[in-house]
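Given next are the chains, with one letter for each unit.
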Amino acid sequence: VWATAVNGVMAGCRPEYMPILVALVEAMADPVYGVEHSGNTPGAETLIVLNGPIIRQLGFNFEQGVLRDGFQPNTSVGRFWRLALRNMAGFLPHKTDKGCFGNTFRVVLAENEDALVGIGWLNCAADMGLAPGTNAVTITRMTGGGVFPSVTGSTPQEMMPYIADAVAAQTGWEIVFTVGGLTYGTLRPALVLTPILAETLAQAGWSKRDVKQYLYDHARMAAWRGEKLCDEWADFPIGSLSHQVNLGKLPRAFAESDDPQRMVPIVFDPDDFMVLVSGDPLRTNAYAFAHNGYLGFPVAKAIELPEGWTPG
């Protein structure tokens, strides 16, 4: 607790942020997350997702400019994570941290809770199994990401092809976390929708599950490319997708034919996609993240507020 507080102070956190920091360290220590992989060579960075009333109580930004530094709560808590990795978990640059490339600290992504309630979608914490309304942090490690602007159309059928293509485009070598090059079925790509996009989908009767199902069906990769990435380009041999299906390691969806041009999923199940809502409420932009598989698997922790806690 002392070390958590010290790193919080150095990161510029206010005292009332302390329950969030404690929850983050608890998540960091969860073996499911796998903090021991934080120094691996791709240099993936942790995305922190915040949910619950504490977003408004502490003034986290969840609208225009989300994921940009400059807002004290989002920025300082994100900075805390990098300091805690270095000073508490022991990942030292040019020593135990072997990331070949990296990003600056990842600013906290606070979801737009009001928008989610308005369309009847659960937030990330609830998707992770926590009770709706819980103050919570979810951590997951991303190898990269990119914005795709101007999602046009007034129906899901018009909007979703662009969205699915952008989600699929972010996943390259990371397919090894799905098909056996490194493990099976541990890829958790993330899609961030602005509220107006989520609202348009919901007004057409789409649930978040419908969005995930569409991504499963359409955010796909050519079978030949997945095999090349595993066996040749990234040197994580699997033999072939059909071979892995015959071994019982992959679902039948990965070998529905022998056509090398067939499109195969990038995840095992629709719920493997993370769908988040945040950002400028009136912009039709979205953001897609590629995931680092079990080397930073998603973990959620409730934020426990001590008796007498106030927002300050």
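Bear in mind that the values here come from a model prediction, so they are computed numbers and not experimental data. (Residues numbered from 1 in each chain as written. Predicted model: local features only at pLDDT ≥ 70, side-chain atom pairs only at ≥ 80, totals over all residues. Heavy atoms only, no water.)

**Quick word on the environment of threonine 104**
For the record, the criterion: The way it works is that DSSP assigns letters per residue, a run of H or I at least four long becomes a helix, a run of E at least two long becomes a strand, and they are numbered from the N terminus.
Examined against the element boundaries, threonine 104 turns out to sit in the loop between helix H4 (72-87) and strand S2 (109-110). For the pair threonine 104 and leucine 24, spaced 80 residues apart in sequence, the C-alpha separation works out to 18 Å.

**Here we look at the pairing of strand S7 (residues 274-277)**
Selection rule: Each residue is assigned to one of three classes by its accessible area relative to the maximum for its type, calculated with a 1.4 Å probe on protein chains only: buried under 20%, partly exposed between the two thresholds, exposed over 50%. Strands are labelled as partners when DSSP assigns at least two bridges between them.
Alternating positions in S7 separate into two faces, Met274 and Leu276 on one and Val275 and Val277 on the other, with burial throughout. In this structure, strand S4 (residues 190-193) lies alongside S7, joined through 4 bridges in parallel fashion. Pairing of valine 192 across the sheet is with leucine 276, part of S7.

**Examining the environment of valine 192**
Examined against the element boundaries, valine 192 turns out to sit in strand S4. In the structure, valine 192 is positioned 63 residues away from alanine 255 in sequence and 30 Å away in space, judged by C-alpha atoms.

**A look at the pairing of strand S1 (residues 45-51)**
The element S1 is extensively covered by neighbouring structure, given that 7 of its 7 residues are classed as buried. Of the two faces of S1, both are covered, the one formed by Glu45, Leu47, Val49 and Asn51 as well as the one formed by Thr46, Ile48 and Leu50. Pairing between S1 and S2: 2 bridges, direction parallel. Paired with valine 49 across the bridge in S2 is leucine 109.

**Examining the pattern of salt bridges**
Heads up, the rule is: Salt bridges are identified by distance alone: a Lys or Arg side-chain nitrogen within 4 Å of an Asp or Glu carboxyl oxygen.
On inspection of all chains with the given rule, the structure shows 13 salt bridges. With a closest N to O distance of 2.4 Å, arginine 56 and aspartate 114 form a salt bridge. Pair noted here: arginine 56 is in helix H3 (residues 54-57) and aspartate 114 is in helix H5 (residues 113-119), with a separation of 58 residues, a long-range link. According to the relative accessible area criterion, arginine 56 is exposed, its value standing at 55%. Note that arginine 188 and aspartate 272 form a salt bridge whose closest N and O atoms lie 3.3 Å from each other. Separated by 84 residues along the polypeptide, arginine 188 in the loop between helix H8 (176-179) and S4 and aspartate 272 in the loop between strand S6 (263-265) and S7 bring together distant segments of the chain. Of the two residues, arginine 188 and aspartate 272, neither departs from the other in class, the shared state being buried.

**Here we look at the nonpolar core**
This is how the line gets drawn: We call a set of buried residues a nonpolar core when its members are Ala, Val, Leu, Ile, Met, Phe, Trp, Tyr or Cys and they connect through side-chain atoms within 4.5 Å of each other. Any pair of residues with heavy atoms lying within 4.5 Å of one another is described as a contacting pair.
By size, the foremost hydrophobic cluster in this structure holds 50 residues, and its most contacted members are Trp121, Leu191, Leu193, Val211 and Leu215. If one sorts the elements of this core by residue count, helix H7 (residues 156-170) sits on top with 7 residues. Once residues lying within four places of it in the same chain are set aside, the contact partners of valine 211 are Trp121, Met160, Leu191, Leu201, Trp206 and Val275. If you look at the next biggest cluster of nonpolar residues, it comprises 32 residues, including Leu24, Val77, Val299 and Trp309.

**Topic: H7**
Using the following cut-off: For a helix, the expected span equals 1.5 Å multiplied by the number of residues minus one.
Here H7 spans 21 Å end to end across 15 residues, near enough to the 21 Å set by a 1.5 Å rise per residue. If you check which residues of H7 are buried, you get Pro156, Met159, Met160, Ile163, Ala164, Ala166, Val167 and Ala168. Here the buried face of H7 lies against strand S3 (136-148), S4, helix H9 (195-203), helix H10 (208-218), strand S5 (220-222) and strand S8 (286-291).

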